[in-house]
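Spelled out from the first residue to the last, the chains are:
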Amino acid sequence: MADAETRSEARLFSLARSVITGWALLGGVVTLAVVVVQTASVVTGIFGAPVPGDFELTELGIAVAVFAFLPYCQLTDANVTADIFTSGLGKRTQSALVLLSSVIALVFAILMAWRTWLGAENQFDYDYQTAILQIRIGYAFIAIVISLILLTVAAIITIVESYQGVVTRSQNVITDGP
Amino acid sequence: MDHSLFLGVVGLVALVVLIGIRVPIAYAMIVVGAVGTVALNGPNVFLNQLKTLGFSQFSKYDLSVIPMFVLMGYIATRAGLSQDLFRAANAWFGRLRGGVAMAAIAACAGFGAVCGSSLATATTMGQVALPELRRYRYKGSLATGTLAAGGLLGILIPPSVVLVVYAIIVEANIVSMFAAALIPGFIAVAIFIVVIAVFVRIYPDTAPLSGSVERGEWLAATLGVVPVLGIFVIVIGGIYAGFYNPTPASAVGVALVAIYGSLRRGVRLADYKWALLETAKTTGMIYLILLGAELLKIFMSRGGVPQAAAEMMVTSGLSPMLILILMLVALIFLGCLMDSMSMILLVMPFFWPVISELDFGMDPNDVKIWFGVLALVVVELGLITPPVGMNVFVINSLAKDVPMWDTFKGVFPFFIGELVRLALLIGFPALTLWLPHMVSG
Amino acid sequence: QEFKLKLHHFLGPKSPAQTQMLEPWAKTVEEKSGGKVKIEIYPSMSLGGGPPELISQVRDGVVDLVWTVNGYTPGLFPRTEVFELPFIHTNDIKATNLAMRAMFDEYLADEYKGVKVMFLHVHGGQAIHMAKSEVRKPEDLAGKKMRIPTRTGAWVIEALGAAPAAMPVPDTPQALSKGVVDGALIPWEIIPALNLQEQTDYQIEGVDMTRFGNTTFQVSMNADVWESLPDDVKKAFEDASNEEWVKKVGEIWRNIDDNGIKVATDAGNKHIQLTQEETDAFRAKLEPVVDRWVKEVAAKNIDGEALVAKARELISANASK
Ligand code: NA
Ligand code: NA
């Protein structure tokens, strides 16, 4: 029974991982799209006509892309830490510290997702747009909210994993050995 | 103590404690900024600001060069530009004693000219040059020390992500900052090569002679570096010449490296996937710190901390130069604990208001540029100082047989070289300021 | 009881906007309230975010007061945008400020939800700065790349046959000096801050200082904060922001603008004031911009023509008051 639960949990996590990785790649593709717009603007600019709205497309594109990167950063533990005081501690204590960080990330992700969602509502209610192409900025906010929901998922995954690291340390001693 | 200063100190202590227990630096800044703002002005102010703060920070146009220069560096890695650079540098320096190490430094400089990050430079060049250094039986400490120091050139030579971040915080012109760092960057290359020459003269057994290069190989290797030089001239040369500003330049850089890599160097879809995911990690990490720095700034501004700190320094009676040197020393110590990006983000909001109020007998804009380059030099030292020296860690992970401590020893002569360079840059501001004046001329 | 209010804006602490307009206004409010109000000014976006966030910040109560540019958030103030159009504001800042004030309750108030507007104003108005080429007729701008101030500014540039280029304000001097853009459509007041006299040779405006469009600004308070103030304090704010004050704001920006063009001419730049005929040629090209705007706001059920007519009527009625 417990075994089956663990297995379905593992399947769920691996699905979530793929989604988060795919989402980050999608952010990468948006970055590449910005590269194309900017490069095209340089080339057409030589002949007197920069791509209209290149400026605002860059701002929107990069913002959307970087938010899409955040869940992947959480999942791969890419956020910089200073390990100076903690590198000597036992595995279990280290897992506990990772657990603390992951809880902070979770609280941050939930707060941000909630508030950015309200921000998106404001964007549509007041009809915020970009200057030249008159794109609704609210659409960018929706993409960002999805990224923040995935960040919440990523934080939950790292919480569960570090929690397992805290409680199952004693069993792992044997398997960790040479 | 003044109420505002007390607040600032409490915030700083909380920050250090959180960072000390391995909370990611970005989240430590976010927590302190959030809790501080709520404590000062209530939860609604903070929660309402969150509605748009993320978008507003991440959509800043000037920041968009960061993902693009980072991506350019990763594609360049897969396109084998690092191999080309090292091969050419080795053709030129190879037959001198210590020549392979000198070649590694020169190749690092070349890679730094198309890559905005120290870690990426150290990793990439480490993978290319370390096997060669070991093949010629260079001693472990010299080999790894050279590469850890060479990695610094990734940031010291523009483009440089840290410089972009500094320029954004103090509202300096990015082009001027890039121009300012160029000559000091070349000085670093020269000093590093001199350091190697002196070191191998004193300890000849650390670097055996490697024999000369055939004429054919010499020519092929030299020609092989033309594409890298071409990309550098178009991207960075284009910025200095004012053909475009850094954002389009970085986009053109990505496009050029990708085109060259795909057509000539067999860069495939899998390589792009790797480059994009690495870019996601690096960029996400930097932007999250930037968001944390913004929250911290909001808390400090609401508490009146920057004004109080500036006031205290300005009325302290210390000479401006002494205050500046004290700040640089503080940065060197902080560099033992933190990475360069976090440091710039963390301390510049405190240091810059003070520096901007001091009279160095220079144009305020020049002070902004000069101080930025000095700060860049010292925060980069943090990457090679114990106990936390990211470049040393990275290189060591590539050379598992060399003890960490040997690498720190190997990098020490370069550290001394950097202090010499710092003294030169403090003593002769013209080294930094001449080129930006020419460029904006 | 004391009311401490935070005023947030995007320019530096030594900018003329802060020292000559915001600080005197804050001081007047403080005095008129008998010391009950204290306004703390936070320049340079020091309370976080970018300039486009200022309006959300004041609406959401992140700060109590803001000074901001309406055009930073295109789409939010479509009615007030009428004052940005070319040949609506012509050359008289005071008259335009008074017209905005007179039209506020009936025509404009709808779009300022969540905030209590203290006062609206414009500055000197858009003029043409050229790096190397003289401009005397619209054709002289054909194919030129021009830095734009607002979305209506982009329309002006397009109508004149030039290409609009958006870029951060601090990048403008460099872009001018290296030919990334050939010119810019901005008022004189920005010349000293960006050292534009060094990057440009020509400054062009219409006859009698006629400009080619303008930018609208607001100083606004969070609506809940406003409601929470006692009547005598409200009155202090109202008195400090009365007709006399918006006229004074007109004088202040006229001076700032005059100082800007003086810096350019002192540096040897050519300051061109077009003749009536030449100005009319620009007017003929730019009238379609007004039509374009009328059509665009019609989609939001706004009677653009009525706004244009009323704005023109009131600006002319308030001329040289
Ligand atoms: Na670099
Ligand atoms: Na260090």
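Residues numbered from 1 in each chain as written. Chains lettered and ligands numbered in written order. Predicted model: local features only at pLDDT ≥ 70, side-chain atom pairs only at ≥ 80, totals over all residues. Heavy atoms only, no water.

### Quick word on the nonpolar core
Quick reminder of the rule: Among buried residues, the Ala, Val, Leu, Ile, Met, Phe, Trp, Tyr and Cys ones that are joined through side-chain atoms within 4.5 Å form a nonpolar core. Categorising residues by exposure relies on relative accessible area from a 1.4 Å probe, with only protein chains included: less than 20% of the type maximum marks a residue as buried, more than 50% marks it as exposed, and the intermediate range marks it as partly exposed.
Counting 314 residues, the largest nonpolar core has Ile 66, Leu 153 and Phe 371 of chain B together with Trp 25, Ile 39, Trp 67 and Phe 237 of chain C as the members making the most contacts within it. If you look at the next biggest cluster of nonpolar residues, it comprises 16 residues, including Ala 127, Ala 165, Ala 184 and Ala 264 of chain C.

### Some details on the confidence of the model for chain B
Note the threshold: What pLDDT expresses is the predictor's confidence in each residue, scored from 0 to 100.
Overall, the predicted model of chain B reaches an average pLDDT of 86, with 97% of residues at or above 70. For this predicted complex, the interface score ipTM comes out at 0.90, alongside a pTM of 0.87.

### Section: the packing of helix α1 (residues 16-32) of chain C against helix α10 (residues 243-266) of chain C
All names here are of chain C. The cut-off we apply is this: Here an axis means a line fitted to C-alpha atoms, over the contact stretch when the element is a helix, while the angle between two N-to-C directions is reported on a 0 to 180 degree scale. In DSSP terms, a helix is any run of H or I states spanning at least four residues, a strand is any run of E spanning at least two, and both are numbered starting from the N terminus. Put simply, angles under 35 degrees are roughly parallel, angles over 145 are roughly antiparallel, angles from 65 to 115 are roughly perpendicular, and the rest are oblique. Note on convention: near helix rotated counterclockwise from far helix by under a right angle means a left-handed crossing. Clockwise means right-handed. By definition in these notes, contact holds between two residues if any of their heavy atoms fall within 4.5 Å. Residues are sorted three ways: Asp, Glu, Lys and Arg are charged, Ala, Val, Leu, Ile, Met, Phe, Trp, Tyr, Cys and Pro are nonpolar, and all the rest, Gly among them, are polar.
Look at α1 against α10: their axes get within 10 Å of each other, and the N-to-C directions meet at 165°. Here α10 runs roughly antiparallel to α1, going by the angle between their axes. Note on packing geometry: the crossing formed by α1 with α10 is right-handed. Facing α1, whose interface residues are Pro 16, Ala 17, Gln 20, Met 21 and Trp 25, α10 presents Trp 245, Val 249, Ile 252, Trp 253 and Ile 256. Here the contact of α1 with α10 is built from residues that sort into 9 nonpolar, 1 polar and no charged.

### Focus: the packing of helix α1 (residues 3-20) of chain B against helix α14 (residues 269-303) of chain B
Residue and element names in this part refer to chain B. Relative orientation of the contacting elements α1 and α14 amounts to 160°, with a least axis distance of 9 Å. Between α1 and α14, the crossing angle belongs to the class labelled roughly antiparallel. With respect to the hand of their crossing, α1 and α14 are arranged in right-handed fashion. Contacts from Ser 4, Leu 7, Gly 8, Gly 11 and Leu 15 in α1 reach Leu 296, Phe 299, Met 300 and Gly 303 in α14.

### With respect to the pairing of strand β4 (residues 115-122) of chain C
All names here are of chain C. What counts is decided by this rule: The criterion for strand pairing is that DSSP finds at least two bridges linking the strands in question.
Most of β4 sits inside the fold, with 7 of its 8 residues counted as buried. Two strands pair when backbone bridges link them, and β4 and strand β10 (residues 216-222) are joined in this way by 7 bridges, in the antiparallel orientation. When the bridges of β10 are listed, Phe 119 appears paired with Val 219.

### Considerations on the environment of Met 312 of chain B
Residue and element names in this part refer to chain B. Its place among the elements puts Met 312 in helix α15 (residues 305-314). A relative accessible area of 43% means that Met 312 is categorised as partly exposed. Here the alpha-carbon distance between Met 312 and Ser 4, two residues 308 residues apart in the chain, equals 11 Å.

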